[in-house]
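# Fold and geometry: a report
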Amino acid sequence: MAEQSILDRLSVTPEEFMAVIEEHPGLQGLLIKYLVEEKFKKIHLSDKNISRVTKHDNYNNKKKGDLAVVYKDVEFIICLKALQPNKVQETTQGWVGKVPFDSKERREVLLPNGRRVKTTCFLKSEFDIIATGFFTFENTLRFVFAKSSDLPSSNYHNYTKPQRRFLLPTSITVSWPPKPPFTEDLISLMDDIVEAQI
């Protein structure tokens, strides 16, 4: 006998489930985040050179991210982000959207130059690769990837120029088809990072 779904166990219809999701945007975002993460692992983390995939521990590490992936004996911290549905536009060249990118809470961070700053921005050094999942473009689930070191720096005027080059902006533009620094090829990005460490 097939295992009952959570909806069956709660005697909830798909229509009732969707109504709750639509009425609570926060719940919708959380659910999409975990579903996209699960699909990401199945689609992109099956390479034979990947030996381990675990949830990243943000509390005991200086790096921030969602997944820790060991590829060719090198650990990568991957940060998963989703597009803001209301920030998507269709253009003559495809689709363009915004990815919200901040830590939500203002915190003091140590910059690579030894200085400290209070910010909601992520440091470029806090993760290795950003993976952006979206189905807003053409209603098809897709992923694009970029190395954190290739992402633009914050241009917020309250930070000094030396501070800005270490900090990421609070939102990042993503397009489909992908434009640099984004690519569809996660493995090539990880290969680039592995080769740079040799």
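Residues numbered from 1 in each chain as written. Predicted model: local features only at pLDDT ≥ 70, side-chain atom pairs only at ≥ 80, totals over all residues. Heavy atoms only, no water.

Turning next to the pairing of strand β9 (residues 142-147). With 5 of its 6 residues buried, β9 lies for the most part within the structure. The pairing of strand β8 (residues 129-134) with β9 spans 6 bridges and is antiparallel. By the bridge assignment, G133 is partnered in β9 with F143. (Buried < 20%, exposed > 50% of the residue type's maximum accessible area, 1.4 Å probe, protein only. Helix = DSSP H or I, 4+ residues; strand = E, 2+ residues; numbered from the N terminus. Pairing = 2+ DSSP bridges.)

The subject of this paragraph is the layout of surface pockets. Estimates place the volume of the largest pocket at around 1,200 Å³. Along its surface, the largest pocket is lined by 33 residues, and K33, L80, K81, A82 and K104 are the ones closest to its centre. For the lining of the largest pocket, the secondary structure elements donating two or more residues are α3 (25-44), β3 (74-82) and β8. Per-element accounting of the lining of the largest pocket gives the leading share, 8 residues, to α3. (1 Å grid on protein atoms, 1.4 Å probe; cavity = no way out; pocket = protein on both sides within 12 Å on 5 of 7 lines; lining within 4 Å. Points joined across faces, edges and corners; volume = space filled by probe spheres on them.)

With the rule as written, the count across this model stands at 7 aromatic pairs. Centre to centre, the rings of F101 and F127 are 5.6 Å apart; their planes meet at 55°, and the pair counts as tilted. Remark: F127 occurs in the loop between β7 (116-119) and β8 and F101 occurs in the loop between β5 (94-100) and β6 (107-110); sequence separation between them is 26 residues. For F127, a relative accessible area of 1% puts it in the buried group. Judged by centre distance (6.1 Å) and plane angle (65°), the ring pair of F134 and W176 falls under edge-to-face. Placement of the pair is F134 in strand β8 and W176 in strand β10 (residues 171-176), with a sequence separation of 42 residues. A relative accessible area of 10% places W176 in the buried class. Joined through ring pairs, the aromatic side chains of F40, F143 and F145 make up one cluster. (Phe/Tyr/Trp six-rings, centres within 6.5 Å; stacked < 30°, edge-to-face > 60°.)

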